Amino acid sequence: MVSFQLRHNLLITVFIIVVIGAMWLLMQGLSHSFNALQDKEPAPLTENEVVSKEVSYIEKIDNFALQEFGENQQLSHFVKAKSYFNFKGAPALLLDPKVTTYNEKGETDYILTSDRANYLDSGEIKFKGKVNIHSSTGVTHKMNTQELLVSTKTDDLISNKKVTYLGERAKIIAQGLHMKAKEDKMKLIGETSINQDTGQKILTKDLYIDQSNGQKHYYSKNDTTYLATDNKIYADGIDMDMRKEILQLLGKVKILQNSGSKINTKDLIVDQSGENEIYRTKERIHYQSKVANIHATGMRYDAKNQKIKLTGGVVGRYE
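Residues numbered from 1 in each chain as written. Predicted model: local features only at pLDDT ≥ 70, side-chain atom pairs only at ≥ 80, totals over all residues. Heavy atoms only, no water.

## Notes on the pairing of strand S21 (residues 292–302)
One face of the sheet, then the other: side chains in a regular strand alternate in exactly this way. Taken together, the 9 bridges between strand S20 (residues 278–288) and S21 define a ladder with antiparallel strand orientation. Counterpart to Tyr287 in the pairing with S21 is Ile294. Connecting the antiparallel pair S20 and S21 is a turn made up of 3 residues. The pairing of S21 with strand S22 (residues 307–310) spans 4 bridges and is classified as antiparallel. Considered in S22, the bridge of Met299 is made with Leu310. Between S21 and S22, which pair antiparallel in sequence order, lie 4 residues; one of them, Gln306, sits at a positive phi of approximately 55°. (Pairing = 2+ DSSP bridges. Helix = DSSP H or I, 4+ residues; strand = E, 2+ residues; numbered from the N terminus.)

Have a look at this one:
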């Protein structure tokens, strides 16, 4: 009887220990989960989530509209938005904003549209994300930026943040932008990368884009690198006619081929029309490879087929 009682008590003790151990493990697991939740920062609210909370704004206006007048009491800007939200201690928010700018004759100069923008106390409007600029000339500029400041005083469009501009058959990335929208002219500021749809990449700095009078003129006077499949080309600047799909690499030009050969010349024209990639120049040529050292005046280089034709007083030395 005593032996049975001892076994009974032992089983009860073991059971209690197992229960206590399980509860301890459960408490540890819950504590770990709670600490993990505390350590993890909550994801920031999206703009729509913010404005959906009534306590987050002090005023809301649907179908918002505002007129701006110039010195002669003539309409200069008309601001519209699907919704306007006024926040305490933060810039007002416009959803689906549309800003129309007018000239002295009361005619539309250009229209800016985006998904959202901030209306600042200064009267300036700061667009964010995708921005479309529709000019009265028929030109449409498309870009994506962290911010694009629209001045209602000067009509200049300014961004000091990263800008991705969708150009003619190219995506252009720069460190900022200064645009005169009335003139269809802009300057992409800082280090600039032109990523062409055909695969070539052009690296330069402070790229100007002039689309006035129906042209598609891109140019820079800064050092430029042209990267193609089989060639890397260095030049002192670049001038691009995107309508004709012809660009000119300015000043001293050095072509480095993947084979190790190099070509020194000046003012190289790159013809990209019709899916071609033809390099040509009438300037002096110095071609160097492992087995040849050639001087000439003029060159036609079919980069896709890797065929070079040197013209005008060709003098070569072969090893």
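## Digging into the nonpolar core
Core analysis: the largest hydrophobic core is formed by 58 residues, its most contacted members being Leu112, Ile133, Leu188, Leu249 and Tyr279. Counting residues per element, this core draws most heavily on S21, which supplies 5 residues. In this structure, Leu112 is in contact with Pro97, Lys98, Val99, Phe127, Val131, Asn132, Ile133, Leu148, Val150 and Leu157, ignoring residues within four places of it in sequence. Formed by 5 residues, the second largest nonpolar core is a distinct cluster that contains Tyr57, Phe87, Leu93 and Leu95. (Core = buried A, V, L, I, M, F, W, Y, C linked by side-chain atoms within 4.5 Å. Buried < 20%, exposed > 50% of the residue type's maximum accessible area, 1.4 Å probe, protein only. Contact = heavy atoms within 4.5 Å.)

## Describing unusual backbone geometry
Positive phi outside glycine occurs at Asn63, with the angle close to 55°. Structurally, Asn63 can be placed in strand S1 (residues 59–69). Positive phi is not limited to glycine here, since Arg169 has a value of about 55°. Assignment of secondary structure puts Arg169 in the loop between strand S9 (163–167) and strand S10 (170–174).

## Some thoughts on the pattern of salt bridges
Scanning the model with the defined rule gives 9 salt bridges in all. A salt bridge links Lys60 to Asp62, with the shortest nitrogen-to-oxygen separation between them at 3.8 Å. For Lys60, a relative accessible area of 41% gives the class partly exposed. The salt bridge partner of Glu168 is Lys216, with a shortest N-O separation of 3.3 Å. With Glu168 in the loop between S9 and S10 and Lys216 in the loop between strand S13 (201–210) and strand S14 (217–220), the pair connects residues that are 48 residues apart, well separated along the chain. Given the relative accessible area of 24%, Glu168 is considered partly exposed. A cluster of three or more residues bridged by salt bridges with shared partners is formed by Glu168, Arg169, Lys216 and Glu245. (Salt bridge = Lys/Arg side-chain N within 4 Å of Asp/Glu carboxyl O.)

## Remarks on the pairing of S1
The pairing of S1 with strand S2 (residues 75–87) spans 10 bridges and is antiparallel. Residue pairing for S2: Gln67 is matched across the bridge by Phe78. A loop of 5 residues connects S1 with S2, the two strands running antiparallel in sequence, and Gln73 in this loop sits at a positive phi of about 55°.

## Some points on the packing of aromatic side chains
As enumerated under the stated definition, the model contains 5 aromatic pairs in all. Ring geometry for Tyr57 versus Phe85: centroids 5.0 Å apart, planes at 70°, classification edge-to-face. Taken together, the positions of Tyr57 in the loop between helix H2 (47–52) and S1 and Phe85 in strand S2 put the pair 28 residues apart, joining distant regions of the chain. The two residues Tyr57 and Phe85 agree in class, both being buried. Aromatic side chains Tyr226 and Tyr279 sit 6.4 Å apart centroid to centroid with 85° between the ring planes, which places their arrangement in the edge-to-face category. Here Tyr226, found in strand S15 (residues 224–227), pairs with Tyr279, found in strand S20; they are 53 residues apart in sequence, far enough to count as distant. Of the two residues examined, Tyr226 and Tyr279, each falls in the buried class. An aromatic cluster is built from Tyr226, Tyr279 and Tyr301, whose rings are joined through pairwise contacts. (Phe/Tyr/Trp six-rings, centres within 6.5 Å; stacked < 30°, edge-to-face > 60°.)

## Here's the deal with the confidence of the model for the chain
Mean pLDDT over the chain stands at 84; residues scoring 70 or higher make up 82%. The secondary structure element of the chain with the lowest average pLDDT is helix H1 (residues 2–39), at 48, and the one with the highest is S15, at 98. Taken together, the stretch residues 1–8 has pLDDT below 50 and engages in 0 contacts with residues farther than four places along the chain or on a different chain. Every residue in residues 30–45 scores below 50 in pLDDT, and together they form 3 contacts with partners more than four places removed in sequence or on other chains. (pLDDT = per-residue confidence, 0-100.)

## A look at the layout of surface pockets
Quantified by volume, the largest pocket comes out at close to 420 Å³. Put simply, the parts of the chain that give the lining of the largest pocket at least two residues each are S1 and S2. The biggest single contributor to the lining of the largest pocket is S2, with 3 residues. Across the lining of the largest pocket, the residue classes break down as 3 nonpolar, 7 polar and 6 charged. Estimates place the volume of the second largest pocket at around 340 Å³. (1 Å grid on protein atoms, 1.4 Å probe; cavity = no way out; pocket = protein on both sides within 12 Å on 5 of 7 lines; lining within 4 Å. Points joined across faces, edges and corners; volume = space filled by probe spheres on them. Nonpolar A, V, L, I, M, F, W, Y, C, P; charged D, E, K, R; others polar.)

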